[in-house]
Amino acid sequence: MKALILVGGFGTRLRPLTLTVPKPLVEFCNKPMIVHQIEALKGAGVTEVILAINYRPEVMMGFIAEWEPKLGVKIVCSQEKEPMGTAGPLALAKELLDDGSGQPFFVLNSDVVCEYPLKEMLDYHRARGAEATILVTKVDDPSKYGVLIINEYGQVQQFVEKPKEFVGDKINAGIYCCSPKVLERIELRPTSIEKEVFPHVAADGQLYAFTLAGYWMDVGQPKDYLKGLTLHLDSLNIHNPSALYNAAGVSGNVLVAASAKIGADCKIGPDVSIGEGCVIGDGVRLSNCVVMKGVEVGNHTKVDKCIIGWDSKVGNWCRLENQCVLGEDVQVRQELYMNGAVVLPHK
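The sections below set out a description of the structure shown in this document. Keep in mind that this is a model prediction, so the values were computed, not measured.

### Focus on the overall build of the protein
Within the protein, the secondary structure is distributed over 7 helices and 29 strands. In terms of overall dimensions, the protein is globule-like: its C-alpha atoms have a radius of gyration of 21 Å, near the 20 Å expected for 347 residues. Within the span of the protein, comprising 347 residues, buried residues form 55% of the whole. Contacts in the protein between residues at least 24 apart in sequence constitute 51% of all its contacts with a sequence separation of at least 6. When the accessible surface of the protein is summed, it comes to about 15300 Å², and 48% of that surface belongs to carbon and sulfur atoms.

If you want it as structure tokens, here you go:
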């Protein structure tokens, strides 16, 4: 079975992190975002993953060389010469996706994190003989999103963009299960699967919705990335609590890489992720934040609701808060207060 992951975007909302690597390779809970997805796809029976790439293909090729043997899944690239939207990449990779077996395939947006109920979704898709199945999630305020109108049989009847009156509370979660037949509807040009393909599938009564039971978040911008961190760590606490860090001074859900070093008298948590090779000084306070691989945090520094990029160094007695985002290799001198600062790499 195969899957295609849409990784072609420039990731502008997650800069400055995406100035170093494409968005799918930005670490989320100590693994590149896309690795969480590939692991879930493998668990659902996928043996080959196609990456629809456009931005920095050489970096993506390096990712494949490193991670393909680790994951035990064949990973290939489909190179876009221009941005192809969310449907064009399927037409471009048609020969890779449709091997004549009639097997359905998955399509994923690369910045979506959830509990990935892919096997259950696949069973649902097959049981209904659907041409396409959309993973949907419930939201509290559907007026911000495109809402799907779904009948009692799970068929999608209509799409309503940012409704002013309540028509439903289920939105597209950015993960699809498709039968090869859907490829016949897609032209080889930049096009949107949500706006130009799925409405026609729905009109033919062949589009179904599968409702996600657990958490969901699009982590394509810093505030949502940090919210996704909280949701993912909550999920880990339920399904795999042994993966979380537990020590004196820790409160709530905290993820710490094995090679990280944490000093004395620190208070860590809730909702913190600390990457490989990090060095956290004495008396440090970390909460609601991500500290990426190779970062050093000086003594008595406080970090709250921030993302600190790879190999950065934060001096003693600093205070960072309110969604600061530091790019790769940023040097923060001692006793600085930073509020909502965004700092480019190597500054």
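### Observations regarding the pairing of strand S11 (residues 170-178)
With 7 of 9 residues buried, S11 is to be regarded as a mostly interior element. Of the strand pairs in this sheet, strand S6 (residues 105-109) and S11 are connected by 4 bridges, and their pairing is antiparallel. By the bridge assignment, Phe-105 is partnered in S11 with Cys-178. Of the pairings in the sheet, the one linking strand S8 (residues 132-138) to S11 comprises 6 bridges and is antiparallel in character. Each residue of the ladder has a partner; that of Lys-138, found in S11, is Lys-170.

### Considering the side chain of Ser-235
Here Ser-235 shows up in helix H7 (residues 222-239). Apart from the residues within four sequence positions on either side, Ser-235 is in contact with Glu-115, Tyr-215 and Asn-240.

### Some words on the sheet that holds strand S16 (residues 267-268)
Reading across the sheet, the 5 strands line up as S16-S19-S22-S25-S28 and stay open at both edges, with parallel pairing between neighbours. At either margin of the open sheet sits one strand with a lone partner, and together these are S16 and strand S28 (337-339).

### Thoughts on the sheet that holds strand S14 (residues 254-256)
Strand order in the open sheet formed by 6 strands is S14-S17-S20-S23-S26-S29, with parallel pairing between adjacent strands. The sheet is open, and its two borders are formed by S14 and strand S29 (342-343), each paired with just one other strand. Note: strand S23 (residues 307-308) against strand S26 (residues 325-326), 2 bridges, orientation parallel. Bridging from a neighbouring strand, Ile-308 pairs with Leu-326 of S26. Most of the contacts of H7 go to strand S20 (residues 289-291), to which it runs at about 90°, and overall it touches S14, strand S17 (272-274), S20, S23 and S26.

### As for H7
Here H7 spans 25 Å end to end across 18 residues, near enough to the 26 Å set by a 1.5 Å rise per residue. For H7, the complete set of buried residues consists of Pro-222, Asp-224, Tyr-225, Leu-226, Gly-228, Leu-229, His-232, Leu-233, Ser-235 and Leu-236.

### Some details on the pattern of salt bridges
Enumeration according to the criterion identifies 13 salt bridges in this entry. The salt bridge partner of Glu-131 is Arg-185, with a shortest N-O separation of 2.5 Å. Linking Glu-131 in the loop between helix H5 (118-128) and S8 with Arg-185 in the loop between S11 and helix H6 (193-203), this pair joins segments that are 54 residues apart in sequence. By relative accessible area, Glu-131 is classed as buried at 3%. Several salt bridges converge on common partners, so that one network encompasses Arg-13, Lys-23, Asp-111 and Asp-218.

### Description of the packing of aromatic side chains
Considering all chains together, one arrives at 4 aromatic pairs under this definition. Ring geometry for Phe-28 against Tyr-225: centres 5.5 Å apart, planes inclined by 90°, an arrangement best described as edge-to-face. Taken as a pair, Phe-28 in strand S2 (residues 27-28) and Tyr-225 in helix H7 lie far apart in primary sequence, 197 residues in all. For Phe-28, a relative accessible area of 1% gives the class buried. Residue Tyr-225 is classed as buried on the basis of its relative accessible area of 0%. The ring of Tyr-124 carries the charged tip of Arg-128 above its face, separated from the ring centre by 3.6 Å.

### A closer look at the side chain of Glu-321
When you line up the elements, Glu-321 lands in strand S25 (residues 319-321). According to the relative accessible area criterion, Glu-321 is buried, its value standing at 15%. Here the side chain of Glu-321 touches Tyr-337 through a polar contact of 2.6 Å, side chain to side chain. With sequence-adjacent residues up to four places away left out, Glu-321 is seen in contact with Asp-304, Cys-306, Tyr-337, Met-338, Asn-339 and Gly-340.

### As for the pairing of strand S12 (residues 207-211)
When you tally the buried positions in S12, you get 4 out of 5 residues, the bulk of the element. Relative to S12, S8 runs parallel, the two being bridged by 5 bridges. Following the sheet pairing, Leu-135 is matched in S12 by Phe-210.

### Considering the packing of helix H1 (residues 33-43) against helix H2 (residues 57-71)
For any two helices packed against each other, the geometry comes down to the angle between their axes and how far apart the axes lie. Between H1 and H2, the shortest axis-to-axis distance is 12 Å and the interhelical angle comes to 35°. Like other packed secondary-structure pairs, H1 and H2 cross with a definite hand, here right-handed. Listed contacts from H2 to Ile-34, Val-35, Ile-38, Glu-39 and Lys-42 of H1 are Phe-63, Trp-67 and Leu-71. Partitioning the contact of H1 with H2 into residue classes produces 6 nonpolar, no polar and 2 charged.

The rules we used
- Residues numbered from 1 in each chain as written.
- Predicted model: local features only at pLDDT ≥ 70, side-chain atom pairs only at ≥ 80, totals over all residues.
- Heavy atoms only, no water.
- Helix = DSSP H or I, 4+ residues; strand = E, 2+ residues; numbered from the N terminus.
- Rg over C-alpha atoms; globule rule 2.2 N^0.38 Å.
- Buried < 20%, exposed > 50% of the residue type's maximum accessible area, 1.4 Å probe, protein only.
- Contact = heavy atoms within 4.5 Å.
- Areas by Shrake-Rupley, 256 points an atom, 1.4 Å probe, with all protein chains shown as cover.
- Pairing = 2+ DSSP bridges.
- Axes fitted to C-alpha atoms, helices over the stretch in contact; angles between N-to-C directions.
- Expected span 1.5 Å × (residues − 1).
- Salt bridge = Lys/Arg side-chain N within 4 Å of Asp/Glu carboxyl O.
- Phe/Tyr/Trp six-rings, centres within 6.5 Å; stacked < 30°, edge-to-face > 60°.
- Lys NZ or Arg CZ within 6 Å of the ring centre and 35° of its normal.
- Polar contact = N/O pair within 3.5 Å; in protein donor to acceptor, adjacent residues only side chain to side chain.
- Left-handed = near helix turned anticlockwise from the far one by under 90°.
- Nonpolar A, V, L, I, M, F, W, Y, C, P; charged D, E, K, R; others polar.

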